[in-house]
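Coordinates in review
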Amino acid sequence: MTHDYRASRRRFLASAGALATGAAAAAASPALAQGAATNGSPAAPPAGKLPYLISRSTDTLLPRGKVPRVVICGGGWGGVTAAKYLRQLVPHLEVVLLERNPVFFSCPMSNKWLVDVVETQFLTHDYLGVSEKYGYRFIQTEILEIERDRKQVITAAGGLHYDYLILSPGIRYNYETWFANDRRMAEATRARFPAAYIPSAEHFHLKRALQDFKGGHLVMTLPPPPQRCPPSPYERACLIASMFRNKKIPGKITILDHKDGVRPIGPGFKSAFEELYKDIITYVPNARVEEIDPFKKHIRTEAGDFDFDHAILMAPHQAGDLAWKAGVVPPVGGKPGGGWADVDPFFLHDRKDKDVYVIGDAVGFVSDHFAYYPKAGHVANRHARIVAYYIAEREAGREPAYRLPDNLCFMMVDSNPQVGISVKFDYKVNDKGVIEQTQIDFNERKPETVGEDFNWARTIYEDMFA
Ligand SMILES: Cc1cc2nc3c(=O)[nH]c(=O)nc-3n(C[C@H](O)[C@H](O)[C@H](O)COP(=O)(O)OP(=O)(O)OC[C@H]3O[C@@H](n4cnc5c(N)ncnc54)[C@H](O)[C@@H]3O)c2cc1C
C-alpha cells in the first residue's frame, strides 16, 4: 500500500490548528487517529522529514473546509473581539485568529503599569482559554504575506484560504520620516528609546529604564495626528512625573509636541502640568522633530534643540505593516490615504473588495468632519462587533444596515492620590450623509474618574476574554 505523505501531513497540520482550540476536539479528530502508528506509539515522520507538527510557510496550515472561513489577522483589541462575536453571531462559520504574540498584553492601562499602579497580570490575558470556550482556532504565528488574488494568508506555519478576511494589525512606527532608509538609526532608536506604543517588549524595556532612572532629563517626542490614543502620552508624562515626585527622583520631563497645543482634554492636562508638576514637566508645542541622534542623545526640533538622559521617542504612526502587505493602504500622498487603510467609512471593507474588512487603529480617513476615528481600543472593540454583525447579516442573505462606534477614554493624571480626567465621543450621520463626531472633555480632576476607568477596563477585558 502506498503512503500519501503529503495528504497525511496536511491532515496533521489541520489537527495542529484543532489542538490550539482544545484537546477534546483534537482527540475526536479522525485525522489524528489516522496519523497514529498502528502499534499505539506516536507516528514518526518519514526519514529526513520534520516532525508532523512543525510546518513551514510553504505548507498548507489548514485545508479548506466545507463551511465559509473567516481569517482574522492580528489578535489585539479588534481581532480578539471579532473572533468571539463572530462565533456567537454566526456559529456555522469557521473562525481562525492569527497572532504573533503568545499572550495578549493591553496597551490601555499600561501607563499605570509603568509606574506600578497595576500589576502585569491586570494587562495580560490568555488566548487559549477564550478560543477554546468560543470554538475559534487561535494560531500563534507570524503572518508573512496576504495574497489577495488567491484569497490566501501566508504565515510562518503555512498558508490558509479565507472567504472573509478581517485585518486588525494595529500600527507601525514611521521611522522613515526621521531616518529615510537608514535602518541602523531606526533600529537603534527603537532598541534604546522605544515608544512603547506597540505591545509588549518595548513596554518592559521602558519600565526597566524608568525603574533605573536616577534623575536627569527625560524627553518625550509626540507624533503628529492621527496617532494611537492621542491623550495617552500626556497621561504617561503625568504618571512618570508623579513617580518622580513620590520617590523624590530629581527628574525633569520635556514633552515635545508636534501639535500646537494639548488635545484632547487640553485644559485638564494643562492644569495638571501647571498645578501638580510645575517643577517637573515642561510642555513645548510646535516641536516637529527635524533630526534625532539616538547615539548622541540629541534632538533638533522646530522649537529648539534638546539633549536628554533618557527619552521616549515616538515616531509618527501609520497602519501596521500587514495592512500595507494586504494592499489596503493607498500610496502616501494619494488622498485620502496618508499611510492608513482606505475603507468604506460605513461598512469598513476595502472599497473594491467587500470580503476584506479593516478594523481598529489601521482604519483610515472616514469623515470630512473629523477625518479619523480615535485610534482607541474601545473603537477597535466596537469595530469588531460591528463587522461581526455585517458578516452575520451577509451570511443570512441580508444587506446589513450600517452601525457606528462610540468611544470613551479615561486618563489618570496623578497616582497619589489617584485622580483622573476623561473624554467621550459619539457619532451620527448628518443630513449630508457625513459621519459627525461629538466630543465631550471632562477636564476636572476627580477620584471617581479613576473608578470609572477601572470599571471600563474590567468590563471590556471581560467582553474580549470571558
Ligand atoms: C500607552 C497607551 C495607552 C492607551 N490607552 C487606551 C485607553 O485608555 N483606551 C483605549 O480605548 N485605547 C487606549 N490605547 C489604544 C489601544 O491600545 C489601541 O487603540 C488598540 O490596541 C487598537 O487595537 P487594534 O486591534 O487595532 O491593534 P492592536 O491591539 O495593536 O492589535 C494588533 C495585533 O496584530 C498583531 N500583529 C501585527 N502584525 C502581525 C503579524 N505580521 N503577524 C502576527 N500578528 C501580527 C500584533 O501582535 C497585535 O497583537 C492606548 C494605547 C497606548 C499605547
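The paragraphs below set out a description of the structure included in this document.

The rules behind the values
Residues numbered from 1 in each chain as written. Predicted model: local features only at pLDDT ≥ 70, side-chain atom pairs only at ≥ 80, totals over all residues. Helix = DSSP H or I, 4+ residues; strand = E, 2+ residues; numbered from the N terminus. Buried ≥ 20, exposed ≤ 12 C-beta atoms within 10 Å, placed from the backbone. Pairing = 2+ DSSP bridges. Right-handed = clockwise from strand over helix to strand, strands pointing away. Axes fitted to C-alpha atoms, helices over the stretch in contact; angles between N-to-C directions. Core = buried A, V, L, I, M, F, W, Y, C linked by C-beta atoms within 7 Å. Domains from an automatic or database assignment. Contact = placed C-beta atoms within 7 Å. Parallel < 35°, antiparallel > 145°, perpendicular 65-115°, else oblique. Left-handed = near helix turned anticlockwise from the far one by under 90°. Nonpolar A, V, L, I, M, F, W, Y, C, P; charged D, E, K, R; others polar. Expected span 1.5 Å × (residues − 1). Near = placed C-beta within 6 Å.

This next bit is on the overall build of the protein chain. On a plain count of helices and strands, the protein chain comes out with 15 helices and 23 strands. Residue burial in the protein chain is summarised as follows: out of 466 residues, 45% are buried.

Moving on, we get to the pairing of strand E2 (residues 94-99). Taking burial as the measure, the six residues of E2 include six buried ones, the bulk of the element. What you see with E2 is no split at all: Glu94, Val96 and Leu98 on one side and Val95, Leu97 and Glu99 on the other are buried throughout. Bridging between strand E1 (residues 69-73) and E2 involves five bridges; their strand directions are parallel. Bridge pairing in E2 links Val71 to Val96. Since E1 and E2 lie parallel, the crossover through helix H4 (residues 77-89) that links them has a hand, and here it is right-handed. Summarising the sheet, E2 and strand E5 (residues 137-140) pair through four bridges and their orientation is parallel. By the bridge assignment, Leu97 is partnered in E5 with Phe138.

Across the sheet, three strands lie side by side as E14-E15-E16; this open sheet has antiparallel pairing. Edge positions in the sheet fall to strand E14 (289-293) and strand E16 (304-307), since each of these pairs with one other strand and no more. Each neighbouring strand pair of the sheet contributes to a mean axis angle of 10°, computed without reference to strand direction. With four bridges joining them, strand E15 (residues 298-301) and E16 adopt antiparallel strand pairing.

So, on to the nonpolar core. In terms of nonpolar packing, the biggest core is built from 123 residues, with Ile72, Leu167, Val358 and Val387 touching the most fellow members. Three or more residues apiece are contributed to this core by two domains, here domain 2 (55-170 + 320-404) and domain 3 (175-316). With sequence-adjacent residues up to four places away left out, Val358 is seen in contact with Leu167, Ala323, Val328, Ala341, Val343, Leu348 and Val363.

Here we come to the packing of H4 against helix H14 (residues 377-395). Contact geometry of H4 with H14 gives a least axis separation of 8 Å together with a crossing angle of 30°. With respect to each other, H4 and H14 are oriented roughly parallel. Remark: the crossing between H4 and H14 carries right-handed chirality. Listed contacts from H14 to Trp77, Gly78, Thr81, Ala82, Tyr85, Leu86 and Leu89 of H4 are Gly377, Ala380, Asn381, His383, Ala384, Arg385, Val387, Ala388, Tyr389, Ile391 and Ala392. Of the residues contributing to the contact of H4 with H14, the split by class is twelve nonpolar, five polar and one charged.

Once that is clear, we can look at the sheet that holds strand E6 (residues 143-147). Across the sheet, which stays open at both edges, the three strands sit in the order E6-E7-E8 with antiparallel pairing between neighbours. Every other strand in the sheet has two partners, leaving E6 and strand E8 (158-161) as the edge strands with one partner each. The mean angle between the axes of side-by-side strands here comes to 20°, regardless of whether they run parallel or antiparallel. Both strand E7 (residues 152-155) and E8 contribute to a ladder of four bridges, which runs antiparallel. When the bridges of E8 are listed, Thr155 appears paired with Gly158.

Turning our eyes to something else, we now look at H4. The end-to-end C-alpha separation of H4 is 18 Å, in line with the 18 Å expected for 13 residues at 1.5 Å each. Burial runs high along H4: eleven of the 13 residues are buried. All of the buried residues along H4 are Trp77, Gly78, Gly79, Val80, Thr81, Ala82, Ala83, Lys84, Tyr85, Leu86 and Arg87.

Taken together, 34 residues sit near the ligand, with Gly74, Gly76, Cys107, Gly170 and Gly360 positioned nearest. Broken down by secondary-structure element, the contributors of at least two residues to the shell around the ligand are H4, E2, helix H5 (110-114) and H14. Each residue belonging to the shell around the ligand can be placed in one class, and the counts come to 13 nonpolar, 15 polar and six charged.

As a further point, take the environment of Leu62. Along the chain, the position of Leu62 falls in the loop between helix H3 (30-35) and E1. When the C-alpha positions of Leu62 and Val96 are compared, they lie 9.7 Å apart, and in sequence the two are 34 residues distant.

Turning to unusual backbone geometry, a few remarks are in order. The omega torsion of the bond from Pro225 to Pro226 falls at -5°, within 30 degrees of zero and hence cis. Relative to the assigned elements, Pro226 resides in the loop between strand E11 (216-222) and helix H11 (232-247). Cis geometry is adopted by the peptide bond preceding Pro264, which originates at Arg263 and carries an omega value of -10°. For Cys229, which is not glycine, the phi dihedral falls at a positive 40°. Of note, Cys229 is situated in the loop between E11 and H11.

Turning to the environment of Met412, a few remarks are in order. If you trace the backbone, Met412 turns up in strand E21 (residues 407-415). Note: C-alpha distance between Met412 and Leu239 (173 residues apart in sequence) is 7.3 Å. For Met412, the contacting residues outside a window of four places in its chain are Lys112, Glu235, Leu239, Gln418, Gly420, Val450 and Asp453.

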